[in-house]
Amino acid sequence: MQSMRSYLIRESLVSGLSNAVINGGFAWYLSAGRDRLPILGGSGVLADFIATAVILVFVLSLIVLPLQQKHAMKKVAVGAEPPRLFLKLFSHIAIRRNALKALMLAIYAGLLALPLVYLVFLGLDVDGLSRVHYVLSKSLFTGLLAGLVVIPIVYMALYPLRSQPALSAKES
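Residues numbered from 1 in each chain as written. Predicted model: local features only at pLDDT ≥ 70, side-chain atom pairs only at ≥ 80, totals over all residues. Heavy atoms only, no water.

1. Overview of the side chain of Thr52
If you trace the backbone, Thr52 turns up in helix α2 (residues 45–75). Beyond its immediate sequence surroundings of up to four residues, Thr52 is in contact with Asn23, Val57, Lys138 and Thr142. (Helix = DSSP H or I, 4+ residues; strand = E, 2+ residues; numbered from the N terminus. Contact = heavy atoms within 4.5 Å.)

2. With respect to the packing of aromatic side chains
Inspection of the entire model under this criterion finds five aromatic pairs. Seen from their ring centres, Phe49 and Phe141 are 5.0 Å apart, and the 20 degrees between their planes marks the pair as stacked. On the criterion of sequence distance, the pair formed by Phe49 in helix α2 and Phe141 in helix α5 (residues 131–158) is long-range, its members being 92 residues apart. The buried category is assigned to Phe49, whose relative accessible area is 3%. Chaining the aromatic ring pairs together yields one cluster made of Phe49, Phe121, Tyr134 and Phe141. Looking at Arg131, its charged tip hangs above the ring of Trp28, at a distance of 3.5 Å from the centre. (Phe/Tyr/Trp six-rings, centres within 6.5 Å; stacked < 30°, edge-to-face > 60°. Buried < 20%, exposed > 50% of the residue type's maximum accessible area, 1.4 Å probe, protein only. Lys NZ or Arg CZ within 6 Å of the ring centre and 35° of its normal.)

3. A look at the pattern of salt bridges
In this structure the tally under the stated criterion is three salt bridges. Residues Asp48 and Lys138 are paired through a salt bridge, measuring 2.8 Å at the closest nitrogen-oxygen approach. Here Asp48, found in helix α2, pairs with Lys138, found in helix α5; they are 90 residues apart in sequence, far enough to count as distant. Judged by relative accessible area, which is 6%, Lys138 ranks as buried. (Salt bridge = Lys/Arg side-chain N within 4 Å of Asp/Glu carboxyl O.)

4. Overview of helix α4 (residues 98–123)
Because the α-helix completes a turn every 3.6 residues, residues three or four places apart line up on one side. Helix length check: α4, at 26 residues, gives a terminal C-alpha distance of 37 Å against a target of 38 Å (1.5 Å per residue), a fit within 8%. If you look at α4, its biggest bend is around 30 degrees, right at Ala113, and the proline Pro115 turns up within four residues after that. Taken residue by residue, α4 has Lys101, Ala102, Met104, Leu105, Ala106, Ala109, Gly110, Ala113, Val117 and Phe121 as its buried positions. Considering only its buried residues, α4 is in contact with α2, α3 (84–94), β2 (128–130) and α5. One or two steps after α4, the chain reaches Asp125, where phi turns positive at roughly 55 degrees. (Expected span 1.5 Å × (residues − 1). Bend = angle between axes of the 7 residues up to and from the residue.)

5. Re the confidence of the model for the protein chain
Any residue range with low pLDDT should be treated as having predicted coordinates unsuitable for detailed reading. Here the protein chain shows a mean pLDDT of 86. Residues at 70 or above account for 90%. Within the protein chain, no element has a lower average pLDDT than α3, which sits at 83, and none a higher one than helix α1 (residues 4–30), at 94. Long-range and interchain partners of residues 162–172, a stretch whose pLDDT sits below 50, account for seven contacts in this model, where long-range means more than four residues apart. (pLDDT = per-residue confidence, 0-100.)

6. Details of the packing of α3 against α5
The geometry of α3 relative to α5 is characterised by a closest axis approach of 11 Å and an angle of 65 degrees between their N-to-C directions. Taken together, α3 and α5 sit at an angle that is classed as roughly perpendicular. Seen from above, α3 lies across α5 with right-handed handedness. For the pair α3 and α5, the contacting residues are Phe86, Phe90, Ile93 and Ala94 in the first and Pro152, Tyr155 and Met156 in the second. (Axes fitted to C-alpha atoms, helices over the stretch in contact; angles between N-to-C directions. Parallel < 35°, antiparallel > 145°, perpendicular 65-115°, else oblique. Left-handed = near helix turned anticlockwise from the far one by under 90°.)

7. As for α1
Between its first and last C-alpha, α1 extends 38 Å over 27 residues, near the 39 Å set by a 1.5 Å rise per residue. Along α1, the residues classified as buried are Met4, Tyr7, Leu8, Glu11, Ser12, Ser15, Gly16, Asn19, Ala20, Asn23, Gly24 and Ala27. In this fold, the buried residues of α1 make contact with α2 and α5.

Written out as structure tokens, the structure is:
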């Protein structure tokens with residue numbers, strides 16, 4: 001059995017690196033023929049990053065939640081209680097069905113990503129990105145996002161919350 005810390009690091013790295021490569025490839029392909037991409041506007045980088053955050057977290061959650069529910073218990077030594085930070089931030093989400101968990105995480109990702117990404121571009125005084133800078137920043141953004149969102153997903157899979165009724169032997 002792995003420790004929780006090593007398991008989270010491994011899952012975060014795998015998710016982050018694979019999503020960085022995949023989304024970087026898509027960004028390269030979809031930005032073909034565009035020398036410079038604006039930050040603001042309907043076809044701007046900011047709108048693209050926010051849409052990507054919502055879609056990425058939603059799809060990743062739908063895929064990873066059931067997989068973690070099946071496999072994580074076999075691989076990780078789980079303590080009696082999840083971390084307090086998890087309980088404070090995600091307990092109201094963790095008691096829901098997987099599809100609703102995914103939707104709620106996606107909405108939170110969009111709401112958090114919008115000001116953060118905007119402030120980064122504002123702080124760097126950037127009004128547009130070259131194709132290469134766009135692909136690199138999109139890869140970095142999606143890699144970090146995917147790596148970070150896996151942490152609450154793993155905790156949701158490993159710690160069934162008390163507000164859900166326990167299954168009896170006949171129901172399972």
